[in-house]
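The chain contents come next:
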Amino acid sequence: MRRPAWLSPRVARTEILGGLVVALALIPEAISFSVIAGVDPRVGLCASFTMAVVIAFVGGRPAMISAATGAIALVVAPLAREHGIGYLVATVVLGGLVQIVLGSLGVARLMRFVPRSVMVGFVNALAILIFLAQVPELIDVPWPVYPLFAGGLALMVFFPRLTKAVPAPLVSIAVLTALTIAAGIAVPTVGDKGALPSALPVPGIPDVPFTFGTLGLIAPYALAFALVGLMESLMTAKLVDDLTDTHSNKTREAIGQGVANVVTGIFGGMGGCAMIGQTMINVKVAGSRTRLSTFLAGAFLMVLCLVFGPVVSRIPMAALVAVMVLVAFGTFDWHSIAPKTLKRMPVGEVAVMAVTVGIVVATSNLAIGVVVGSITAMVIFARRVAHLVEVTAVREPGSVRYTVTGALFFASSNDLVYQFDYADDPERVVVDLSAAHIWDASSVAALDAITTKYEARGKSVEIVGLNKHSAAMHETLSGELAGSG
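Anyway, here's the lowdown on the structure attached to this text.

How each quantity is defined
- Residues numbered from 1 in each chain as written.
- Predicted model: local features only at pLDDT ≥ 70, side-chain atom pairs only at ≥ 80, totals over all residues.
- Heavy atoms only, no water.
- Helix = DSSP H or I, 4+ residues; strand = E, 2+ residues; numbered from the N terminus.
- Expected span 1.5 Å × (residues − 1).
- Buried < 20%, exposed > 50% of the residue type's maximum accessible area, 1.4 Å probe, protein only.
- Contact = heavy atoms within 4.5 Å.
- Axes fitted to C-alpha atoms, helices over the stretch in contact; angles between N-to-C directions.
- Parallel < 35°, antiparallel > 145°, perpendicular 65-115°, else oblique.
- Left-handed = near helix turned anticlockwise from the far one by under 90°.
- Nonpolar A, V, L, I, M, F, W, Y, C, P; charged D, E, K, R; others polar.
- Pairing = 2+ DSSP bridges.
- Right-handed = clockwise from strand over helix to strand, strands pointing away.

Regarding helix α7 (residues 168-183)
Now for step 1: Helix length check: α7 (16 residues) gives 22 Å between terminal C-alpha atoms against 22 Å at 1.5 Å per residue, within 8%.
Now for step 2: Looking only at α7, the buried set comprises Ala-168, Pro-169, Leu-170, Val-171, Ser-172, Ile-173, Leu-176, Thr-177 and Thr-180.
Now for step 3: As for α7, its buried residues are in contact with α1 (9-37), α6 (145-158), α10 (276-285) and α13 (317-331).
Now for step 4: Immediately downstream of α7, the backbone of Gly-184 shows phi near 65 degrees, a positive value.

Right under this line is the structure:
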């Protein structure tokens, strides 16, 4: 049996320290997301604990962090505000079950249709959102916040030059906390965000009536919850795959997200999905690569709250803001906006990236941006491919041979009908498709329309050169499509 990598002392140290840094960063984030969702901060913190611990065992992407997130908070906020925590918890459980079903049906395979330009836009938008989320912590605050923030950045930039044995963010947080406590500096702290849990969460049944009325109320929220959570988690998994040059099991991750949310709902949490900012801290900053760091992030989170709550509450927000700003800076793909890169990239690719970034930043929803960006990319691709179809004619006494080159689908086949000279062509017409491929019914309908137009003038049409797939589609649909003439 293969020995787990985290049993190595060197790897274990990296994983333990990475989990600790992530746990510290999770606390204010989870509290903030609880406020967005309109629930007690303990609900978000408990959700982050259960999500991280469960996904460490059932997820498909090692080292990825899942916890309470802003995207999920935005989805469930209206329900929690209007109907209370019981309905929110029921939604989390149902949303988790939907994720399990979608994962089992292979929804993760749809990730192959996300273009690279959308992925780059997703990463850049993520970096912008992480940065923008820190800005409020630097506005209308006591002046000592600014030197503390600058000092935190300096520590994280220069400390790795001395040693990389300890993550620089952990050193920065520890030094700034010790400094503010020892010097009695009054600045906003983690404790100002909300109360920390005082006990472990306990399982229970959602306090809602088990009726079809309840199901009808929560079902739309549960579906949106499931789709947003899966989209963000699968995109994050793909990002980590690229960063670590490893492959993850996306189907297992999709199902695992559902299992983790069901468990989280049973324990009264607000649900969650992959956290991109914390994942970047764990993978890119701390260098973690195994499930141990994910598990420890959740475990340390609860230990910090229950055992070291008074100390954790005094961590200055400036220290955590510095960590997240550096993460945002490191996450942004600066090469993608370099003038040299933009000159070489096709205009369509740049447009797709810009649309993805714009939509995500405008809506604060990564899933919406990815969907809109992908649709934009598909439209641009369809328009580009539609113009690659060429029709050339070779005339001989008594006949004409048209050679069609390119992919025939709904966008390109619409113009195909107008590429033939129906009135002046001789009585025998050959349409050679050996250099073409029929992709859909629209193309078969176009060929039927061409044949009909020639036959109406008493001319014969022979279609030749069909490959196996095209021949099968043409044979099945030709003459069966209403309105093809």
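As for the packing of helix α5 (residues 116-134) against helix α16 (residues 366-386)
Now for step 1: One way to put it is that α5 packs onto α16 with a least axis distance of 10 Å and a crossing angle of 150 degrees. The orientation of α5 relative to α16 falls into the category roughly antiparallel. Pair α5 / α16 crosses with right-handed handedness. On α16, the residues touching Val-118, Phe-122, Leu-126 and Leu-129 of α5 are Leu-366, Val-370, Gly-373 and Ser-374.
Now for step 2: When the residues that make up the contact of α5 with α16 are grouped by side-chain class, the tally is six nonpolar, two polar and no charged.

Details of the environment of Ile-36
Now for step 1: Within the secondary structure layout, Ile-36 lies in helix α1.
Now for step 2: For Ile-36 and Leu-74, which are 38 residues apart along the polypeptide, the C-alpha to C-alpha distance reads 6.8 Å.
Now for step 3: What Ile-36 contacts, discounting residues up to four positions off in sequence, is Ala-73, Leu-74 and Ala-77.

Comments concerning the pairing of strand β6 (residues 460-464)
Now for step 1: Relative to β6, strand β5 (residues 428-438) is paired through five bridges, and the arrangement is parallel. The residue of β6 that forms the bridge with Val-430 is Glu-462.
Now for step 2: With helix α18 (residues 441-455) bridging β5 and the parallel β6, this β-α-β connection has right-handed handedness.

Focus: the sheet that holds strand β3 (residues 390-396)
Now for step 1: Reading across the sheet, the four strands line up as β3-β4-β5-β6 and stay open at both edges, with mixed pairing between neighbours. Where the open sheet ends on each side, the last strands, each with one partner, are β3 and β6. Averaged over neighbouring strand pairs, the angle between their axes works out to 20 degrees when direction is ignored.
Now for step 2: Taken together, the nine bridges between strand β4 (residues 399-408) and β5 define a ladder with parallel strand orientation. Within the sheet, the bridge partner assigned to Thr-403 lies in β5 and is Asp-432.

Concerning the pairing of β5
Side-chain direction in a regular strand flips from residue to residue, so the side chains alternate between the two faces of the sheet.
Now for step 1: A large share of β5 lies buried, amounting to eight of its eleven residues.
Now for step 2: A crossover connection joins β4 to the parallel β5 through helix α17 (residues 410-416); in handedness this β-α-β unit is right-handed.

Quick notes on α18
Because each turn of an α-helix spans 3.6 residues, side chains separated by three or four positions in sequence point in the same direction.
Now for step 1: The end-to-end C-alpha distance of α18, which contains 15 residues, comes to 21 Å, matching closely the 21 Å that a straight helix rising 1.5 Å per residue would cover.
Now for step 2: Taken as a whole, α18 has its buried residues at Ser-443, Val-444, Ala-446, Leu-447, Asp-448, Ala-449, Ile-450, Thr-451 and Tyr-454.
Now for step 3: Structurally, α18 contributes buried residues whose contacts are with β4, α17, β5, β6 and α19 (468-477).

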